[in-house]
Structures are given as structure tokens and as C-alpha cells.
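What follows is each chain in one-letter form.
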Amino acid sequence: MSALAAQLRAILPAEIVHDDEEIRHAHAGDKWHRGDSPDVVVAPHTVEQVSALLAWANENGVPVTPRGSGYGYVGGSVTSRQGILLSLLEMNRIREINAPDFVALVEPGVTTESLQMAVRELGLFYPPDPSSRKYSSIGGNIATNAGGPRSLKYGVTRHYVLGLEVVLADGRVLHLGGRTHKNKTGFDLLGLFVGSEGMLGVVTAATLRLLPHPPVRAGLAAVFPAPEMAAAAVEAILAEGILPAALELADGFTWQSYLQLEGLPPDEAGAYLLVELDGQPEAVAVETEDIAAILRRCGAVSVEQAMDDAGAEALWAVRRRFSAALDAACSWRLNEDIVVPRSRLVDLMHFGRELGERHGLRVACFGHAGDGNVHVNILVNESSDLHAAHQEAETALDELFAQILDWGGAITGEHGIGLAKKRWWPEAASPEVRAAHAAVKAALDPKGILNPGKFL
Ligand SMILES: Cc1cc2nc3c(=O)[nH]c(=O)nc-3n(C[C@H](O)[C@H](O)[C@H](O)COP(=O)(O)OP(=O)(O)OC[C@H]3O[C@@H](n4cnc5c(N)ncnc54)[C@H](O)[C@@H]3O)c2cc1C
């Protein structure tokens, strides 16, 4: 048994402290990067245990890295300075779903999808829908302010967090907000913790806002000769005054990779656009017809309509395979969740293609086009000169981020900065903004024990 594990077992139940190689190794990475194994994994069941752990770690200057499901894309839950990996997955109870109040009170280890399914049974709706929702945890969603396809109409995780229980680095417990749908008591400290990437406090419970579940859902899938045309269709739909629940675009390479993954023959498609609508039946029926007409006017070569839940779900099943399709088409890929102002969508599709050509790399774009949040994927195949391929990809990223910032966009819309985008943090935030971040961090975690080594 390691000395650190022995010390932790003196203050915590022994069965929640793990130092065997297999468990430590299983907690060594996320979906971006595998780092070194943490020295110890602690998986508490109560806020008191989290508080005792942090008070001890703060006293002794030991790093603590919070972790949900490890489905992040920026190395946020990777223990860059080893120490203690704090897994919140054992705190996974839905404590209450209150239909009259339209709230759910949950622990951080609840998966996004299980919450959505539980509230759905009561006719309620929890909209934030990261594509990882089957696995991602609510704690991880809050810490990354996760978005997803439905952000277009319903906003991101921050719009659904009404109350939080947060343990600070020194073990003190804050209760912020509550179950009211509005609350303006003091500063928006609650908002400060949403998206704070596990660097300001540990979320141990959350009160989440629910909506009435929309009665009807419909979908349209359109194929275009070129991604620029699909991007123009996105702008046209919104310009006509229609706000779909989601507008998801994939370029031709992503689409052809999907066909290949499914063992289907290649086709002529240069882009794929998925539209989701929800709401009252009459409104959805009218909007579906209107959108079909807009898509054809914008040059779609085919438009498929699904007028019920099962049909819309079948269209989503295709969309959800795009990540896997790109993974199958390369040795590894960098998935950059950049955001551009909506009016730059067409320019972005064009820029992505040129960027790939300039660097001899395959660049594939797909994602939440309605928000301007398109995932730009740089695909690398393990060539004889892997080092050169890495270098080329990094140079391409420099150019991508410089262009995005120049357009008034952002280098991340939902994944966060973490380790992966640390290099570009100085370009993405002014010295004054970085100083404000450092001041907040110093106030809440003066010894810097919470998730150290990340972008601050
Ligand atoms: C295939 C795929 C699709 C994805 N699609 C989307 C998408 O559509 N939209 C989107 O936003 N993201 C998406 N992601 C990224 C990822 O799923 C989200 O960032 C998700 O919120 C991570 O949740 P997690 O539980 O896995 O968190 P982790 O990866 O474990 O942690 C993420 C960050 O949160 C911190 N953290 C975790 N739990 C807590 C807690 N209780 N208290 C304080 N800090 C905590 C960690 O320290 C880390 O910094 C996708 C990822 C994959 C692999």
C-alpha cells in the first residue's frame, strides 16, 4: 500500500481509496489523452467524504483532480501532476424529480441520458444533450458547461443549473441557488462554477431546471453537393424566422466515411444536413414543410422527412455514427470544437477544405452548425514520419485558431480548454482576462491543489 493511500485510509473509509495498478490505470486519461496514472483514486459516496478529502489534501498540498466519466475531449480530468484522482461516479443517485417545481435534484455521477430518460417518464424534459450523453456525467457536463445539438433552441448546461452544492479546495461546502427558476441573491457565484473545469470546486449535487416535454418531434435529412451549400441552407432556415431544435451539418468526407463504416456504397453527396424540430403538432408540420422547401431551394439533391419520434431517432442514429466513422478513417484525429459567428459558417467550410489542402492533411467538419459550433477534425494517418505529421497538424491548428479568433469566434464552444488547448489560451484571452481568472483561482484555491497543470 502506498504512503498516500495509507494516509487517506486514516481519514476516509478504506473501501473508497484505491491504489491498485488496474484502477489507477483505468483513471489515467480521457478521450483526448492518456496521462500518467494518478497515485490514488478516491471514489466517495457523500459530500462529507469529499469535504474531508479536500480539507486533508489542501492541508498537505496534494493535487486533486475531479473526474466524471472521462469522456472529455481536452484532457480536463487527466492528472497532470498525479496526486489524487477524485472520481464522482459513485455519487450517482437521482434524489428527486419534482414535477410541480419542474426541477430534478441529482448527484454528479448520474449520466446525462439516465436523467433524461427518468424525467421523460413524467412528461418532463432535460434538454442539454452532448453526443456523449449515454456516458457523460452531470458533474462533467456542469464543469464543462456542455452543449450539444439542441443548444440551438434550448441553450447549454448553464441554462439548466438552478442550484449547486460545491466543495471548495479547503473542504468548505457552498450551497448556491436552489429550486426557484429565478434567483438574484448576490453575485452569480453559481455561474462561476459552471464551466470551471474542476479548477474552482467540486460539484457534489445539482438542482436542474426541467421543461415540459415537447409533444411532437420531427426530422429532415438533406444531401447537398457541397458543404458551403448546406451551410448556406442553415443560414437561410434561420433567416426565414424558423428556430429548429437542432441543425447538424457534416461535410462530404464525414458522410462518405459514415457510408464506409456501415458497409454502404459511396455516393455523390458532398454534405449532409440534419434538421430537428419539436413542439406542437400543427406548428411542427407546417415548419417541416417550410424547411423542406428551403432546403430544395438551397440546392439539396434529396430531402428525407421523418414525422414522428421513431423516424427522427433513426436520422439521429446516422448522425451519432459520425465520430466513429472518422475514427475508423484515420489513425488519430484532433477534434476542435471551434465556434464562429453564424455569418461565417460558409467561410468556415471553405477554410477547412483549404487548410487541409495546404498542409497535406485531411480536414473533416461536422457538428452543431446552427450555433456556428462546427467540429473541425484534423485526421492523421500513421505514416513513416509520425513526428512530421504531428508537427503539420499543430501548425494547421495554429492557423485554424488564428483565423477563428480573427473572425470574432472562439477556440472552444463546449469541450473547454483543459490541457489540449492550453497552448492557445494566451491568444484566446487577453492579459486582463487571464489576470481575472488567476485572481478568482487564487481566492478560491490559494494553494492551487484543484486540478493543477491545466490552463491557469
Ligand atoms: C463521442 C463524444 C461526443 C461528445 N459530444 C459532445 C457534445 O456534443 N457536446 C459537449 O459539450 N461535449 C461533448 N463531448 C465532450 C464530453 O463528453 C463533455 O465534455 C462531457 O461534459 C464530459 O463529461 P464527463 O463526465 O465525461 O467529464 P470528465 O471528462 O470526467 O471531466 C471533464 C471536466 O470536468 C471536471 N469534472 C468532472 N466532474 C466534476 C465534478 N463533479 N465537479 C467538478 N469538476 C468536475 C473534470 O475535472 C474535467 O475538467 C463529447 C465527447 C465524446 C467522446
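Described in the following lines is the structure provided in the data block. (Residues numbered from 1 in each chain as written. Predicted model: local features only at pLDDT ≥ 70, side-chain atom pairs only at ≥ 80, totals over all residues. Heavy atoms only, no water.)

Let's talk about the packing of helix H1 (residues 3–11) against helix H3 (residues 47–60)
Part 1: Their axes nearest at 10 Å, the elements H1 and H3 cross at an angle of 130°. Classified by the angle between their axes, H1 and H3 sit oblique to one another. The hand of the H1/H3 crossing is right-handed. Judged by residue contacts, Leu4, Gln7, Leu8 and Ile11 of H1 engage Ala52, Leu53 and Trp56 from H3.
Part 2: For the contact of H1 with H3, the residue count by class is six nonpolar, one polar and no charged. (Axes fitted to C-alpha atoms, helices over the stretch in contact; angles between N-to-C directions. Helix = DSSP H or I, 4+ residues; strand = E, 2+ residues; numbered from the N terminus. Parallel < 35°, antiparallel > 145°, perpendicular 65-115°, else oblique. Left-handed = near helix turned anticlockwise from the far one by under 90°. Contact = heavy atoms within 4.5 Å. Nonpolar A, V, L, I, M, F, W, Y, C, P; charged D, E, K, R; others polar.)

What about empty space enclosed by the protein?
Part 1: Counting across every chain of the model gives one cavity of 30 Å³ or more.
Part 2: When its volume is computed, the largest cavity comes out at roughly 50 Å³.
Part 3: In this structure, the largest cavity is lined by Asp129, Ser131, Arg133, Pro149, Trp316, Arg319 and Arg320.
Part 4: Here the residues of the lining of the largest cavity are counted per class, giving two nonpolar, one polar and four charged. (1 Å grid on protein atoms, 1.4 Å probe; cavity = no way out; pocket = protein on both sides within 12 Å on 5 of 7 lines; lining within 4 Å. Points joined across faces, edges and corners; volume = space filled by probe spheres on them.)

Topic: the sheet that holds strand E1 (residues 17–18)
Part 1: Ordered by their spatial adjacency, four strands build an open sheet running E1-E2-E4-E3, and the pairing between neighbours is mixed. Since the sheet does not close on itself, it has two edges, and those belong to E1 and strand E3 (64–67), each with one partner.
Part 2: Set on the sheet, H3 makes contact with strand E2 (40–42), E3 and strand E4 (84–87); between it and E4 the angle comes to about 165°. (Pairing = 2+ DSSP bridges.)

Here's the deal with the layout of surface pockets
Part 1: Volume-wise, the second largest pocket comes out at about 740 Å³.
Part 2: Together, 32 residues line the second largest pocket, and Arg158, Gly195, Glu197, His437 and Phe455 are the ones closest to its centre.
Part 3: Elements with a contribution of two residues or more to the lining of the second largest pocket: helix H7 (189–193), helix H15 (425–428) and helix H16 (431–444).
Part 4: Per element, the largest residue contribution to the lining of the second largest pocket is five residues, and it comes from H16.
Part 5: Across the lining of the second largest pocket, the residue classes break down as 17 nonpolar, 11 polar and four charged.

Focus on the site of the ligand
Part 1: Not every one of the 35 residues close to the ligand is listed here, only the nearest: Pro66, Gly68, Tyr71, Ser132 and Ser137.
Part 2: For the ligand, an oxygen atom lies 2.5 Å from a polar atom in the side chain of serine 132.
Part 3: One nitrogen or oxygen atom from the side chain of glutamate 414 is found 3.0 Å from a nitrogen atom belonging to the ligand.
Part 4: About the coverage of the ligand: the protein hides 94% of its 970 Å² of free accessible area.
Part 5: Elements represented by at least two residues in the shell around the ligand include exactly E3, helix H5 (138–144) and strand E10 (202–209).
Part 6: The element contributing the most residues to the shell around the ligand is H5, with five residues. (Near = heavy atom within 4 Å. Polar contact = N/O pair within 3.5 Å; in protein donor to acceptor, adjacent residues only side chain to side chain. Areas by Shrake-Rupley, 256 points an atom, 1.4 Å probe, with all protein chains shown as cover.)

Looking at the packing of helix H13 (residues 345–359) against helix H14 (residues 386–406)
Part 1: The contact between H13 and H14 brings their axes to 10 Å, and the two run at 155°. When the axis of H13 is compared with that of H14, the two are roughly antiparallel. For H13 against H14, the interelement crossing comes out right-handed. For the pair H13 and H14, the contacting residues are Leu348, Phe351, Leu355, Arg358 and His359 in the first and Glu392, Thr395, Ala396, Glu399, Leu400, Gln403 and Ile404 in the second.
Part 2: Among the residues forming the contact of H13 with H14, the class breakdown is six nonpolar, three polar and three charged.

With respect to helix H8 (residues 227–239)
Part 1: For H8, built from 13 residues, the straight-helix expectation of 18 Å at 1.5 Å per residue is met to within 8% by its first-to-last C-alpha distance of 18 Å.
Part 2: All of the buried residues in H8 are Pro227, Glu228, Ala230, Ala231, Ala233, Val234, Ala236, Ile237 and Leu238.
Part 3: Looking at the packing, one finds that the buried side of H8 touches strand E12 (216–224), strand E13 (246–251), strand E14 (271–279), helix H10 (281–297) and H13.
Part 4: One or two positions beyond H8, positive phi appears at glycine 241, with a value near 85°. (Expected span 1.5 Å × (residues − 1). Buried < 20%, exposed > 50% of the residue type's maximum accessible area, 1.4 Å probe, protein only.)

Some thoughts on the environment of leucine 450
Part 1: Looking at where leucine 450 falls in the secondary structure, it is placed in the segment after H16.
Part 2: Along the sequence, leucine 450 and isoleucine 84 sit 366 residues apart, while their C-alpha atoms lie 9.9 Å from each other.
Part 3: When near neighbours in sequence (up to four residues on either side) are disregarded, leucine 450 contacts Leu54, Val64, Pro66, Ala169, Gly198, Met199, Leu200, Gly201, Val202, Lys441 and Asp445.

Focus: the pairing of strand E9 (residues 173–177)
Part 1: Both strand E8 (residues 161–167) and E9 contribute to a ladder of five bridges, which runs antiparallel. By the bridge assignment for E9, leucine 164 is matched with leucine 176.
Part 2: From the end of E8 to the start of E9, which pair antiparallel, there are five residues, and glycine 171 there has a positive phi angle of about 100°.

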